[in-house]
Structures are given as structure tokens and as C-alpha cells.
Amino acid sequence: MKKIITLIIIILTTLSFATISDISKVRELKDLQTVTIRGIVTVEPGPFDVNIIFLQDKTGGINLYFRGGQFENVERGDLVEAKGYLWTHRNNKELVLEKDNSSHYYKIISKNNPLPEPIKIKTVDINNENYEGMFLKVKGKIVEIDKFDMRKIYIDDGSGKGMVFIRENTGINPSFFKVGINMEAVGVLGQYMSYYELWPRNMNDIHVDDVFPPEVKTYAIKDNYIYVEFNEQIFENSIILNKTVRVLKSNILEYELSMDNKILKLKLDSLNNASKLVLRSISDKNNNKMGMKIIKLNLEKDSYANRVLFDNNHGQTAGNADWVINGGYSDFADAAKNLGLKVEEIKEDFNEDILNMYKILIIPEPNKPFKDFEISAILKFVKNGGSLFIISDHGNSDRNGNGWDSPKIFNTFVENFGFKFAGDDLEEAPLAYVYNHEITKGIKKIGVWNGSSIKVLNDKVKVLIANSENKPYMVVTTYGKGKVVAIGDSSPFDDGTGDTGDLLHNGWQWGDDAQLAINTIKYLTK
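Conventions and cut-offs
- Residues numbered from 1 in each chain as written.
- Predicted model: local features only at pLDDT ≥ 70, side-chain atom pairs only at ≥ 80, totals over all residues.
- Heavy atoms only, no water.
- Helix = DSSP H or I, 4+ residues; strand = E, 2+ residues; numbered from the N terminus.
- Rg over C-alpha atoms; globule rule 2.2 N^0.38 Å.
- Buried < 20%, exposed > 50% of the residue type's maximum accessible area, 1.4 Å probe, protein only.
- Contact = heavy atoms within 4.5 Å.
- Areas by Shrake-Rupley, 256 points an atom, 1.4 Å probe, with all protein chains shown as cover.
- Lys, Arg positive; Asp, Glu negative; His and termini not counted.
- Charge placed at Lys NZ, Arg CZ, Asp CG, Glu CD.
- Pairing = 2+ DSSP bridges.
- Phe/Tyr/Trp six-rings, centres within 6.5 Å; stacked < 30°, edge-to-face > 60°.
- Lys NZ or Arg CZ within 6 Å of the ring centre and 35° of its normal.
- pLDDT = per-residue confidence, 0-100.
- Polar contact = N/O pair within 3.5 Å; in protein donor to acceptor, adjacent residues only side chain to side chain.
- Axes fitted to C-alpha atoms, helices over the stretch in contact; angles between N-to-C directions.
- Salt bridge = Lys/Arg side-chain N within 4 Å of Asp/Glu carboxyl O.
- Expected span 1.5 Å × (residues − 1).

A. Spotlight on the overall build of the protein. Helix and strand counts for the protein come out as seven helices and 32 strands. Taken against the 2.2 N^0.38 rule, which gives 24 Å for 526 residues, the C-alpha radius of gyration of the protein at 26 Å falls within 12% of a compact globule. Dimensions along the principal axes, computed over C-alpha positions, put the protein at roughly 90 × 65 × 40 Å. The 526 residues of the protein split such that 52% are buried. Restricting the contact set of the protein to residue pairs at least 6 apart, pairs at least 24 apart contribute 66%. When the accessible area of the protein is evaluated, it comes to approximately 23,500 Å², of which 48% is carbon and sulfur surface. In the protein, the 65 positive side-chain charges and the 71 negative ones have mean positions that sit 4 Å from each other.

B. Representation of the pairing of strand β15 (residues 225–230). Where burial is concerned, most of β15 is hidden: five out of the six residues are buried. Bridge count between strand β14 (residues 216–222) and β15: six bridges; the pairing is antiparallel. Across the sheet, residue Tyr219 finds its bridge partner in β15, namely Val228. A loop of two residues connects β14 with β15, the two strands running antiparallel in sequence, and Asp223 in this loop sits at a positive phi of about 55°. Sheet topology places β15 next to strand β18 (residues 263–268); five bridges connect them, and they run antiparallel. What sits directly across from Tyr225, in β18, is Lys267.

C. Examining the packing of aromatic side chains more closely. Considering all chains together, one arrives at 23 aromatic pairs under this definition. Their ring planes at 75° and their centres at 5.9 Å tell us that Phe66 and Tyr106 sit as a pair that is edge-to-face. Of this pair, Phe66 sits in strand β3 (residues 61–67) while Tyr106 sits in strand β6 (residues 105–110), and the two are 40 residues apart along the sequence. Each member of the aromatic cluster is reached from another via a ring pair, and the members are Phe350, Phe370, Phe410, Phe413, Phe417, Phe419, Phe421 and Tyr479. One Lys or Arg, Lys152, reaches over the ring of Tyr195 and ends 5.5 Å from the middle of that ring. The aromatic ring of Tyr358 is capped on one face by Arg307, whose charged end is 4.4 Å from the ring centroid.

D. Region of interest: the confidence of the model for the protein. Predicted confidence across the protein gives a mean pLDDT of 93, with 95% of residues reaching 70 or more. Segment residues 6–18 is flagged for pLDDT under 50; beyond a separation of four residues in sequence, or across chains, it makes one contact in the model.

E. Representation of the side chain of Ser397 within the structure. Along the polypeptide, Ser397 turns up in the loop between β24 (387–391) and α6 (406–410). Given a relative accessible area of 5%, Ser397 falls into the buried group. Separated by 2.6 Å, the side chain of Ser397 and the backbone oxygen of His394 make a polar contact. Once residues within four sequence positions are removed from consideration, Ser397 is found in contact with Glu365, Asn367, Asp405, Ser406 and Pro407.

F. Expanded view of the sheet that holds strand β16 (residues 245–248). Spatially, three strands are ordered β16-β19-β20 in an open sheet, and the strand pairing comes out antiparallel. Strand pairing shows two members of the sheet lacking a second neighbour, β16 and β20 (292–296), which therefore form its edges. Averaged over all neighbouring strand pairs, the angle between strand axes comes to 20°, with direction disregarded.

G. Structural view of helix α3 (residues 330–338). Every buried residue belonging to α3 is among Ser330, Phe332, Ala333, Ala335 and Ala336, and all of these are buried. Tucked inside the fold, the buried residues of α3 contact β21 (307–311), β22 (342–346), β23 (360–364), β24 and α7 (513–525). At the exit of α3 stands Gly340, carrying a positive phi of roughly 90°.

H. Spotlight on the pattern of salt bridges. All chains considered together, the criterion is met by 25 salt bridges. Of the charged contacts, one joins Glu215 and Lys178 as a salt bridge, the two residues approaching to 3.0 Å between their closest N and O atoms. One end of the pair, Glu215, is in the loop between β13 (206–208) and β14; the other, Lys178, is in the loop between β10 (162–165) and β11 (182–192), and 37 residues separate them in sequence. In this structure Glu215 comes out as partly exposed when scored by relative accessible area, which is 37%. Asp349 serves as the salt-bridge partner of Lys371, at 2.9 Å between the closest nitrogen and oxygen.

I. The arrangement of the sheet that holds β18 in detail. Spatially, four strands are ordered β14-β15-β18-β17 in an open sheet, and the strand pairing comes out antiparallel. Two strands lie at the open edges of the sheet, namely β14 and β17 (252–258), each paired on one side alone. Adjacent strand axes in the sheet meet at a mean angle of 15° when their direction is disregarded. Where β17 lies against β18, six bridges are found, and the strand directions are antiparallel.

J. Here's a closer look at α7. Along its 13 residues, α7 runs 19 Å from first to last C-alpha, staying within 8% of the 18 Å computed at 1.5 Å per residue. Of the positions making up α7, those classed as buried are Asp513, Ala514, Leu516, Ala517, Asn519, Thr520, Ile521, Tyr523 and Leu524.

K. Geometry of the environment of Tyr227. Looking at the element boundaries, Tyr227 is found in strand β15. Owing to a relative accessible area of 4%, Tyr227 belongs among the buried residues under this scheme. Between the C-alpha atoms of Tyr227 and Tyr255, which are 28 residues apart in sequence, the distance is 9.8 Å. If we ignore the near neighbours within four places in the chain, the residues touching Tyr227 are Thr218, Tyr219, Ala220, Lys222, Ile263, Leu264, Lys265, Asp353, Asn356 and Met357.

L. Fine view of the side chain of Asp146. By secondary structure assignment, the location of Asp146 is in the loop between β8 (135–145) and β9 (152–156). Buried within the structure, Asp146 lacks any salt-bridge partner; its nearest side chain of opposite charge belongs to Lys152, at an N-O separation of 4.6 Å. There is a polar contact of 2.7 Å between the side chain of Asp146 and the backbone nitrogen of Phe148. Of the polar contacts made by the side chain of Asp146, one reaches the backbone nitrogen of Asp149; its length is 3.0 Å.

This is the structure:
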């Protein structure tokens, strides 16, 4: 009997190990086949999203996508076993793990394993499907940067050009790169539709020649301060007040560098419309010096009070979304510009110093959660007098399958303002109740096409619009010295434009939706 039991255990153990498939073999299988693989983590959760990692064994590499969940405690160098089904997403081969499928799993076998050495390839080999999912290294000259999307960087070593694509959440600022300089990059190879792309994980994966001087990215006036944001780190020793940095007709009292020496904050004794900011011989950390730049200041136009910042760093283009100022929210952005406001977007983490340069922060339907320090920066921004416009969507609107929809993401901090999103699904056009307020002046017809209602938690929160069951859909409140407006649907401000294939809804042209956006901006600028 003991021999039989032992034999059964041996057979089961053998079968268990036999189910582990080589990644290269798995990649040859058809979609929807269930497989189990093991490999070293070359991309940890975070750089591409909390529900995306890459595994590589001795035969190949593959993208793992955890639909409806996120990878916990998984780090680069872990040996991970995972079971799921194969799927080709926009031509990129993935192993999909479903959170609600009890047979799917991942487990960490061991930690702190050495990473596989990146395979050195030629730039033309970026276009070779045989390398998809693998950890690679390539070097070439930047020959082109897409003028419509600066995240698409083409390099060529003479063998033919290939694309290095800067994905969201990597913390890599594409404005660092210029045509004509050499780039060495490591990353994993992925595919998006007909394009093969090398995806670096963070700035440490990229090394470039630095032959260009720093450039002024943007600037703003707040009280007796001038904020200047550069496109790269500047060398502090090159800042000599009233010499290399001067303000004509004013005296600089002191300065402060922040955000890794990218933001220069100048305190002045006074400012007027005759003031000019003069920058000369400011250098970066590699001693590339800028020439002379003269910025004529306008106390009204350059004031933070006339500046609007749209978030484009938290999955605003995930799935069918396109809530960006050059896409589905372009009419919204244009309407703000027509009010005399300067409109910009941010593609990096929120930071207190960046938010100080703006009066209004607009966060359209995020699909990636905010980091703790970002939440702290947002709360402090509003508390100190900033205006926040929160645009959510209905429950289960998780567009990238990471287990986070916009109600859940916003609910990590909006209770500080006295409300939270219910995460339900409203659909009504026009909505039944529009209550008197500066924001709703002249507003009669507002629609909701799959949006969340809002639960009011304290008396400071005023309901602006509600559905026929009197469920709040849009609210306004104050927090510290600042204002907060929240709405439960992204569709009213969607103008129907965006990437080919996105299923968008032109709510901007319906009823009074556009006027509601304009009224909200006017209210938040006061």
C-alpha cells in the first residue's frame, strides 16, 4: 500500500512539473489555451501598470496581464510561476490571468535571482517578432521623434530604424531627447498593432549623449514669486542671482531649486508688467550652457491664476478612453483657452511644486491609482487655494483591467472633501434636477451616459445636479482655501475625437454640456 501511495505521489509530482511550459513554446500556441509558465521577472508591476509584468525563461519572454487585479509583492528578479490563458492584444502576445478565475494564479518561487543579461540587438531587430517579450539592449542615433507623439523615438545604428516607446508611469520625460544624439536603451520588446516597440522600464534604462543645453518648459507668477520649470536638471552652481538669473526692474531676494533641480523658484522684492526674466549661461549637470533667454512677463497672463493643468498620467487614454487635450477633451481645452486661460497637461507624477504653478487642476477619469505623495500634493494644493475639478465614471469602468476604476481611485482621497463616489451606473438624459448655483446658471439639459452617483457625507457639499431618483451626480464644496467640483461621468465633456478605434461619445455637443464645462471653469478661476 505504501508503495502505491508513493508511486501516486511521484506521478502527481511529475505531472505537476510537466505542466510547466517553455515560454517560447507557449508563444506558438493559439489564443485561449491555458498554460503554466515559470520565469524571472524582468519588468515588475508599476512601470507599465500595477497589473502588468514580464517573465523570461531560457527560451523566451512574455507579457503577463492580471485582468481585474494587481500583482502584489512581485519584484524584479523574482522567479514567478503563473497560470492563465493566452491572448493576442493588439498583436502583442500576453498571458492573461483573470482575478475571478479560481484556476488562474501566480506565485513567487524565489526572490533576488540575477536578471537575464539583455540580448544585444541591432536597431532593425526591434522590428523582429522573434524577440517579442525578451529583455533587450540596443544602441543607435536618434533619427526621428514623432511630431504628434514625442513618446515615439526612432533610433538607427545603420542597420535600419526601430522605435523606442516611452510608456506611461515609467517616469521618463520624452522632452530629454533630441534628434541627432546617440541613445543606448534596454527594455522589453512589445507590439502595438503593426508597430514593434522597445519599452524601457525607467530612466535608468536609457543613456544618451547630452549635447543640448537646458530649455525652459513653462513658467508662472504667483505673488512675488516666479516659477520656472526646465526640461532637465540644472546645475545649481550656474545659478547666480542678479547675474546669470536676473529680473529687469526687480531685485531677486532668494531662490530655491526643487523637483530634482528642474524647478527654479525666485523670490522678488516686486513685480510689474515692465519686468523681464533674463536667463544666461544656465547649465545642466553635464555643463551644457544655454545662451541668453529673455522672457517678457505679464502679471495677468503669466499668473498661476490663469493656468489650467489637465492630468494625462493616470490612464486617461486606457482602453477606449481619450480624455486628453489633443483628443476627446480638445474642445474642452479650447473652451478654456477661449476664456483667456493657459492650458497645459502633465504626463508625470503630481508634485507640490508643479501644482503651485496652476490655479485649476482637472483630473479626467483616471484608470491608474495615485501614489501616496501625489494624493498629499493634491490635498495640499486645494487646501492652499487651488481649484480641483474631478471627473469620474460609472462603476466597473476599469478600462485597463488593473482592478481600479475611477470611482475606486478617487475614493482613496475624496472623502477628505466630504463625499465619495457610489460606483453605480446612472443613465439619464436629460437629468431631472438642476439646482441653483453659479455653475448651473443657464443650464437646463445635462445628460449622463453611464456615470456614477455621488454620496454626500457632510453639509458643506452642495448638490448641483441629480437624477430622477434624486441621486447626486454633480457636487461642489470647499476644502481649506480651495474649491472642489466633482461629476460622475466623463462623457458630457467628450467631443467624440480621438485615436482611431476608440468608441467615444460626443456629449460636448449635446444639450448644455459644453456650457456646464465653461461655467465650471469660470467658477474655479475666481
